[in-house]
Amino acid sequence: MSAAPSTSPRPVSPAINGWNGAFLEAQYEQYKADPESVPADLRSFFQGFDLAMARSSGGAAGPELAGTRPEATLHFQNAVTNLIDAYRRRAHICARLDPFGRTRERPIGISLAQHNLREQDLDRPVDASGLPLPAGSTLRGVVAFLEKTYCRSIGAEFMHVSDQAERQWLIERFERDGGTIPLTRGERVHILEQLTRAEMFEKFLGKRYPTEKRFSLEGGESLIVLLDRAIEAGGELGVEEVVMGMPHRGRLNVLNNTLGKTYEQIFTEFEDNFDSGDIDGGGDVKYHRGYSGERHLRTGKVVHLAMASNPSHLESVNGVVEGRCRAKQRLRVDTERRRVIPLLIHGDAAVIAQGVVAEVLNFSQLEGYTTGGTIHAVLNNLIGFTTGPEDARSSRYCTDLALSIEAPVFHVNGEDPEAVVACAQIAAEYRQRFRKDVFIDMWCFRRYGHNETDEPSFTQPILADLIKQKRGVLTEYTERLLADGVITQVDIETNTKRIDMVLEQAQAATKLKPTAPVIDPGSKRWAGVSRLYSFAPVKTAVGMDAIKEVCAALGRVPDGFNLNPKLKKLLDERAAIPTAGMVSYADAESLAFGTLLLDGHGVRVSGQDSRRGTFSHRHAVLRDCKSGATFTPLNSMRPMAGRPDDAGKPGEDGLLTQGKLCVYDSPLSEFAVMAFDYGYSLADPRMLVCWEAQFGDFCNGAQIIIDQYLAAAELKWERWSGLVLLLPHGYEGAGPEHSSARLERFLLLCSNDNMEVVYPASAAQLFHMFRRHLKQAFRKPLVVMTPKSMLRDQAYASPLSELLNGSFHELVDDPAFDGKADRRGVKRVLLCSGKVGHELTARRAALGRTDTAVVRVDQLYPFHTDLAKTILASYPNAVEHAWVQEEPRNIGAFHAMFDVFRTRLGIDLGYIGREESASPAVGSKHKHKEQQEDLISEAIGPLPAPGTKPNPANGMAAAVGPAPKKTASRA
């Protein structure tokens, strides 16, 4: 019930290194008079200073300090601490990161002169108690340590972290071993093995499949070393599963050497000799596919690895990985978010340029979206396709977005694999300790062009020439280990022959017998789920006891909870549903959620205003109007199950438990949030996962996720999802931006039974739709056109009895014609979806018409052809059929329905609706009403003039007359 604590960075005191000399002198005088009168950190500093002074007065400091005034010594020590601080803050700028050895500009801030220090000061003793240096160290020793630690192969950028405990941990951890970590002989040999396997894999593919694109890792082989150590270190720190995402460069290498996808599986994709037997075809290029496998650590522990499939929209996978990780944390009851972690691999050009990266970084500490910190590895090739850094970004580093969430960044030279290992180790420790994001920016290069057939010298002649002359990291690291006596030449030759033989044997075996390259989508948690679509009805009706239990919860708040007075009537109405007998569209949603929770399912709803609802219809989360504390009524029906899989079963006390309703107000993003919820839906087919648009047309901002994932993932990658999109849709005079969810775009994406597109026009239909989604034997994305103004309109309401009986109907016959005799007089059958159907029946009732039937198509795809045939066959053969819609002719469902009716039913549909338009709707409310009246009048007939009676015959003439209205045309 309590409000979530703030996760904003906390203000902290400045570090000692940030204080100026005048301030320190004044504080020192005060300290000498009364040590307890100054803050504890200053008191400790002055105690250390006095200790150093005492040692120097004993002769340890050398003769040059004899007779030095304390004030001068204080100035000197302050200059030294400022120099140390400058190295920590700025030395990353000159660290030796470039894989080609080019010198980087040295920042003036780390020069002696900048801090009023001189060459002759180098042999003066300093207080180095903040560094891992022995007592009595000189300034020369301090500078040497700082140069070794901060100016070699790692550029550490973490002083922007405002939390003092985090910052101090980073300083101490990085400086502990001088910017390195100790490695045993066995660990160094293991690094060499990783590099050898990575390089030989790429060279083998290049030799045997020279015309195939593979987006090789050559030039960045140290990525394999980075991932290896991050997973190993994470596993030792409690990680049980790593959810990964990456673009295409190096993916095949990572799939093989990190996730364990076999040579045979990969060679099968290159040979293209595997027949999946799928009559729909499909599939994707090999460097887009995902995979999962088990990693056995040296300690014997097993870490599960899952790589998400990814299209060429590089960073789009970020949100998918985060959502999938969050769902897996839920399933493992990983409340501390330390057992399942996300790891994202980025390219340098994409990470700074694609806005979805910033959107996902913003999830870092948000209640409904945090995953407890992500390890980000940037494969920094120093180039995009053909675009260099000078044209790719305005910032110094491609990782500067990380500063926005105060994530530490370790820039590292990929040619120094031991430095890469150090970064991976520290990053894993930081993530597990503080549960926050951390970046490793690995500077490397791309051996070839954008792909292996590209010519990079056309656009980057200097870089291409440097690459031609550059030896690989494997060669250089091998020589390093030979020089150190870690390995012998015989070791190298033996290892190389072994790996080469394994590659040769794997390819030969693949040519004889291909190996399935993908994992069965119906395994583990998806066992029992089918990919085959079916119209077979499933039981979605519920008993009155369940309705009463849900309504009782919807109508109550805890004792002492200060409910907003304006909501009391709403809660009372919800509690009274069992006796009132009618259910509004808005309440049908709550009843569907509540009964699914009682059945043991979890429900997640995510969107920009989802707790209250954009149209104030949901109020799933209530806020105490005095304290701001929150209360979720549907989570108070029964005790909550300890584990998601136990929901709906008796708990330890014998009482039945329930699933959990998770409703979150998302940040103002569509792309990243829909990606997150799509990823969430991949993990658990038993949970209802909904993404809700504030207005339906806002889904435009997530079109990449809709096109590349929702619509195509099953056919491309054999990945199933049951994500529900709730898209408010309907023409109500709100203008072009808030009328249309662009229904036509979804219908254009429909094929192979890939998703369901529905427009439920009654409370009962919505109720059964939600429940059907989890009760049917398959999972498909569900796209729902939802109403706005009619959420509590009686036109959309349903009798409670329709929830207690029945099921979802893809098409709804006109209830006005119950007997066959009544249908004989029907001359026209109007087909439609959504709000316009209620307007048509209301106008028909006003005119007393009996010759026009209105049939609703509540599920537009997959279209239930057999049901349509049955309904339409009950009307006279000579009837006219017309499609009525609010949307302009080129928008909405008309073109899709015209094709379906002509090819499957042999019916040429007429059209009644707005004329074609480049904009979804007009901006004028007056013009909107005029257009709406015209199309309703053409379909049913105009309202009679005031003082006259309806004339059904005149109405019919208006409806079928030869001259169409300006805003309505016929096919």
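What counts and what doesn't
Residues numbered from 1 in each chain as written. Predicted model: local features only at pLDDT ≥ 70, side-chain atom pairs only at ≥ 80, totals over all residues. Heavy atoms only, no water. Axes fitted to C-alpha atoms, helices over the stretch in contact; angles between N-to-C directions. Helix = DSSP H or I, 4+ residues; strand = E, 2+ residues; numbered from the N terminus. Parallel < 35°, antiparallel > 145°, perpendicular 65-115°, else oblique. Left-handed = near helix turned anticlockwise from the far one by under 90°. Contact = heavy atoms within 4.5 Å. Nonpolar A, V, L, I, M, F, W, Y, C, P; charged D, E, K, R; others polar. 1 Å grid on protein atoms, 1.4 Å probe; cavity = no way out; pocket = protein on both sides within 12 Å on 5 of 7 lines; lining within 4 Å. Points joined across faces, edges and corners; volume = space filled by probe spheres on them. Pairing = 2+ DSSP bridges. Buried < 20%, exposed > 50% of the residue type's maximum accessible area, 1.4 Å probe, protein only. pLDDT = per-residue confidence, 0-100. Expected span 1.5 Å × (residues − 1). Arc of directions from axis to C-beta. Core = buried A, V, L, I, M, F, W, Y, C linked by side-chain atoms within 4.5 Å. Phe/Tyr/Trp six-rings, centres within 6.5 Å; stacked < 30°, edge-to-face > 60°. Lys NZ or Arg CZ within 6 Å of the ring centre and 35° of its normal. Salt bridge = Lys/Arg side-chain N within 4 Å of Asp/Glu carboxyl O. Right-handed = clockwise from strand over helix to strand, strands pointing away.

At a minimum axis distance of 12 Å, the contact between helix α6 (residues 185-208) and helix α9 (residues 263-271) shows a crossing angle of 25 degrees. In terms of orientation, α6 lies roughly parallel with respect to α9. Crossing of α6 over α9 shows right-handed handedness. When α6 is examined against α9, the residues R197, F201, F204 and L205 are found in contact with a partner set consisting of Y263, I266, F267 and F270. Grouping the constituent residues of the contact of α6 with α9 by class yields seven nonpolar, no polar and one charged.

Rolled over the atoms, a probe with the dimensions of a water molecule shows which regions are left empty. Within the structure shown, the criterion is met by 11 cavities of 30 Å³ or more. If you go around the largest cavity, you meet 17 residues; those closest to its centre are E589, H617, R618, E692 and T786. Every element with two or more residues in the lining of the largest cavity is listed here: α21 (585-598), β15 (724-728) and α26 (763-775). Residue contributions to the lining of the largest cavity peak at three residues, all from α21. When its residues are assigned to classes, the lining of the largest cavity shows 10 nonpolar, four polar and three charged. Its volume calculated, the second largest cavity comes out at about 100 Å³. Taken together, E187, H190, I191, Q194, V225, D228, R229, E232, R298 and V421 make up the lining of the second largest cavity.

Turning to the packing of α21 against α26, a few remarks are in order. At a minimum axis separation of 8 Å, α21 and α26 run at an interaxial angle of 25 degrees. One way to sum up the angle between α21 and α26 is to call them roughly parallel. As α21 packs across α26, the resulting crossing turns out to be right-handed. Every residue of α26 that contacts α21 at Y585, A588, E589, L591, A592, F593, T595 and L596 is listed here: A763, L766, F767, F770, R771, L774 and K775. Across the contact of α21 with α26, the residue classes tally to 11 nonpolar, one polar and three charged.

Moving on to the sheet that holds strand β23 (residues 880-888). A sheet is described by the order of its strands in space; here five strands give the open sequence β19-β21-β20-β23-β24, paired in mixed fashion. Since the sheet does not close on itself, it has two edges, and those belong to β19 (811-812) and β24 (910-914), each with one partner. Pairing of β23 with β24, which is carried by four bridges, proceeds in the parallel orientation. Paired with W883 across the strands is Y911, a residue of β24.

Here the amide bond leading from Y861 into P862 is cis, since omega sits at -15 degrees, within 30 degrees of zero. Tracing the chain through its elements places P862 in the loop between β22 (859-861) and α30 (865-873). You will see that V333, though not glycine, has its phi angle at about 55 degrees, which is positive. Within the secondary structure, V333 sits in the loop between α10 (317-331) and β5 (340-347). The exposure class assigned to V333 is partly exposed, which follows from its relative accessible area of 29%. Look at K524: it is not a glycine, yet its phi comes out positive at around 55 degrees. Among the structural elements, K524 can be located in the loop between α17 (489-512) and α18 (544-554). Exposure remark for K524: the relative accessible area of 61% places this residue in the exposed category.

We now examine the confidence of the model for the protein. In this model, the protein carries a mean pLDDT of 90, and residues with pLDDT of at least 70 account for 92%. The low-confidence segment residues 56-67 (pLDDT under 50) makes nine contacts with residues lying over four places distant or belonging to another chain. Taken as a whole, residues 954-971 scores under 50 in pLDDT and shows 49 contacts with residues more than four places along the chain or in a different chain.

Taken as a whole, the second largest pocket encloses approximately 690 Å³ of empty space. Lining the second largest pocket we find 31 residues, and of these S292, R324, K328, L682 and R719 sit closest to its centre. With four residues, the single largest contributor to the lining of the second largest pocket is α10. For the lining of the second largest pocket, the residue count by class is 15 nonpolar, five polar and 11 charged.

What follows concerns helix α4 (residues 139-150). Across its 12 residues, α4 extends 16 Å between first and last C-alpha, which sits within 8% of the 16 Å expected from 1.5 Å per residue. Residues L139, V142, V143, F145, L146, T149 and Y150 constitute the buried set of α4. All buried residues of α4 fall inside an arc of 160 degrees around its axis, so they share one side.

Our focus in this paragraph is the nonpolar core. If you look at the biggest cluster of nonpolar residues, it comprises 102 residues, and the most contacted ones within it are L139, F158, L223, M244, V254 and F410. No other element matches the 11 residues that helix α14 (residues 417-434) contributes to this core. Residues in contact with F158, not counting those within four places in the same chain, are Y150, R167, L170, I171, F174, P408 and F410. L361, A675, C699 and L905 belong to the second-largest nonpolar core, a separate cluster that totals 88 residues.

Overall, the coordinates contain 32 aromatic pairs when judged by the stated rule. Here the aromatic residues F201, F204, Y209, Y263, F267 and F270 are joined through ring pairs into a cluster of three or more. Across the ring face of F76, the terminal group of R124 is positioned such that the distance to the ring centre comes to 3.7 Å. Sitting above the plane of the F270 ring, K286 keeps its charged end 4.6 Å from the centroid.

Reading across from one edge, β13-β10-β14-β15-β17-β16-β22 is the order of the seven strands in this open sheet, with mixed pairing throughout. This sheet does not close on itself; its edge strands, each paired only once, are β13 (661-665) and β22. Going across the sheet, the axis of each strand differs from the next one's by a mean of 20 degrees, ignoring polarity. Pairing geometry for strand β16 (residues 756-758) and strand β17 (residues 782-786), over three bridges, is parallel. Within the sheet, the bridge partner assigned to V757 lies in β17 and is V783.

Let us now look at the pairing of β5. Of all the eight residues making up β5, eight are buried; the element is thus mostly covered by neighbouring parts of the structure. Bridge count for strand β2 (residues 241-245) against β5 is five bridges, and the pairing is parallel. Counted as the bridge partner of G245 is L344 from β5. Bridge count for β5 against strand β6 (residues 375-380) is five bridges, and the pairing is parallel.

This paragraph deals with the pattern of salt bridges. Across all of its chains, the model carries 67 salt bridges by this definition. Note that E241 is salt-bridged to K328, the shortest N-O span being 2.8 Å. You can see E241 sitting in strand β2 and its partner K328 sitting in helix α10, a full 87 residues away along the chain. Exposure class is identical for E241 and K328. Each is buried. For the salt bridge of K511 with E271, the shortest nitrogen-to-oxygen distance reads 3.0 Å. Taken together, the positions of K511 in helix α17 and E271 in helix α9 put the pair 240 residues apart, joining distant regions of the chain.

Attention now moves to the pairing of strand β21 (residues 852-857). In terms of residue burial, β21 counts as a mostly covered element, since six of its six residues are buried. Residues T852, V854 and R856 of β21 are buried on one face, and the alternating residues A853, V855 and V857, pointing to the opposite face, are buried as well. With five bridges joining them, strand β20 (residues 828-832) and β21 adopt parallel strand pairing. The partner of V829 across the bridge, within β21, is A853. Running through helix α29 (residues 835-847), the crossover from β20 to the neighbouring parallel element β21 is right-handed.

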